[in-house]
Amino acid sequence: MTKPPAPLVLPAPAKINLFLHITGRRSDGYHELQTVFQLLDYGDELTFTSRPDASIELLGDHCDTPTDDNLVVRAARLLQEQCQCKRGATIKLDKRLPLGAGLGGGSSDAASTLLGLNRLWQLNRSVNELAQLGLRLGADVPVFVRGESAFGEGIGERLQSVELPPSWFLVIKPRCKVATGRIFSHQELTRNTSPITIRRFLSGVVKTRNDCLAVVCTLYPEIQAVMEWLKPLAEPRLTGTGACVFAAFDDQGSAVEVQQQVPANWQSFVAQGINRSPTHSALGLF
């Protein structure tokens, strides 16, 4: 009898948006964006175990999303369907990233699921093929599948890898969750920022911002409070549509020093910015 493969353990890293410009609105209602996705060495962890049947079982203390709606389960079933795979898996999700935070936690979990089950089930699909599947699950999934910090355009799916300088980040989340749809449908949202180029971004000659910030702070005063608290200590920035606020530091010690002052009613962590995903490193894809 063939011995089943050993469980596969993979990280699912967080991301932050170093800026977020909204350059227009498409006829289908989606927004045209420009952003830079910075991967972090902090995130969730998933363990994949092969099953003798075709069932997908999700385990974890923080799996509070109904199973059929969970991105991990949807990613696994999509891969089964597209590859006509009759194998199943038990997936244990160790959740560290807060929900509704702008850190891409659910998208990263879905990406690690596509990459992990592709390996566990020996489907031999390429990263490009998996990224195309990931786009059907959400606009942020492809960047995690491709596994590199990137300049994103379109709805975030047109990606060009970038080499970002070493940085440490303090990330703070107040006790609120941001409804992304509420932000993008708001009448006061800026939607006409002029496009920039990767070269101009990397040169530092162009001033960037998050076009969602004003609307987010108006609708969620808790986020405005974090911005105001952090201003005397570092330059606060919003990732995605929030709720997390972050600041960049040259070294870990400086980030930790500020983190030690964060009020107890806010979640926080310190992480290093990375240009290559630890998921890809674990799979030997780099």
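Above this note sits the structure.
Fair warning: this is a prediction, and the values are worked out from it, not measured in the lab. For every chain, the first residue of the written sequence is number 1, and numbering continues from 1 onward in sequence order. For this predicted model, a pLDDT threshold of at least 70 governs which residues receive local features, and a threshold of 80 or more governs which side-chain atom pairs are given and counted, while totals over whole chains, interfaces and linings are taken from all residues. As a rule here, side-chain values come from all non-hydrogen atoms in the structure, and water together with hydrogens is ignored.

As for the overall build of the chain
Here is step 1: Secondary structure counts use DSSP, requiring at least four H or I residues in a row for a helix and at least two E residues in a row for a strand, with both numbered from the N terminus. On a plain count of helices and strands, the chain comes out with 10 helices and 10 strands.
Here is step 2: We take the radius of gyration over the C-alpha atoms and set the globule estimate at 2.2 Å times the residue count to the 0.38 power. On C-alpha atoms alone, the chain measures out to a radius of gyration of 19 Å, which is about the 19 Å that the 2.2 N^0.38 rule sets for 286 residues.
Here is step 3: Along the first, second and third principal axes, the C-alpha set of the chain runs to 65 × 45 × 35 Å.
Here is step 4: Here the chain, with 286 residues, has 51% of them falling under the buried criterion.
Here is step 5: Residue pairs in contact within the chain that sit at least 24 positions apart in sequence constitute 75% of those at least 6 positions apart.
Here is step 6: Residue exposure ignores everything except the shown protein chains as possible cover, and the areas themselves are Shrake-Rupley values with a 1.4 Å probe. Surface summary for the chain: the accessible area is close to 13,500 Å², and the carbon and sulfur share equals 47%. Residue exposure (1.4 Å probe, protein chains only): buried if accessible area is under 20% of the type maximum, exposed if over 50%, otherwise partly exposed. Contact criterion: two residues are considered in contact whenever any of their non-hydrogen atoms come within 4.5 Å of each other.

What about the nonpolar core?
Here is step 1: The biggest cluster of nonpolar side chains holds 39 residues, and the ones touching the most others in it are Phe48, Leu79, Ile91, Leu114, Leu117, Trp121 and Val145.
Here is step 2: Examining the composition of this core, we find that 7 residues originate from one element, helix α1 (residues 71–83), more than from any other.
Here is step 3: In this structure Leu114 touches Ala75, Leu79, Leu130, Gly134, Leu137, Val141 and Val145, once residues within four positions along its chain are discounted. What makes a nonpolar core is a set of buried Ala, Val, Leu, Ile, Met, Phe, Trp, Tyr and Cys residues whose side-chain atoms join them at distances within 4.5 Å.

Thoughts on the packing of α1 against helix α2 (residues 105–120)
Here is step 1: Packing of α1 against α2 brings their axes to within 8 Å, and their N-to-C directions diverge by 35 degrees. α2 is crossed by α1, and the crossing has right-handed handedness. Residues Leu71, Val72, Ala75, Ala76 and Leu79 of α1 touch α2, and the partners they reach there are Gly106, Ser107, Asp109, Ala110, Thr113, Leu114, Leu117 and Asn118. Lines are fitted to the C-alpha atoms to define the axes, a helix being fitted only along its stretch in contact, and any angle between axes, read from their N-to-C directions, falls within 0 to 180 degrees. It is the rotation of the near helix from the far one that decides the hand of a crossing: anticlockwise by less than a right angle makes it left-handed, clockwise makes it right-handed.

A word on the environment of Ser126
Here is step 1: Structurally, Ser126 is set in the loop between α2 and α3 (127–135).
Here is step 2: When its relative accessible area of 32% is taken as the criterion, Ser126 is described as partly exposed.
Here is step 3: Along the primary structure Ser126 and Ala76 are separated by 50 residues, whereas in three dimensions their C-alpha atoms are 16 Å apart.

Overview of the pattern of salt bridges
Here is step 1: When a carboxyl oxygen of Asp or Glu is within 4 Å of a side-chain nitrogen of Lys or Arg, the pair counts as a salt bridge. All chains considered together, the criterion is met by 11 salt bridges.
Here is step 2: Between Arg276 and Glu148 there is a salt bridge, with the nearest N and O atoms lying 3.8 Å from each other. A residue pair is termed long-range when its members are at least 10 positions apart, and Arg276 in the loop between β10 (267–274) and α10 (278–283) and Glu148 in the loop between α4 (141–146) and β5 (150–154) qualify at 128 residues.
Here is step 3: Relative accessible area serves as the criterion here: at 34%, Arg276 is assigned to the partly exposed category.
Here is step 4: What you see here is one network of salt bridges that share partners, running through Asp44, Lys95 and Asp109.

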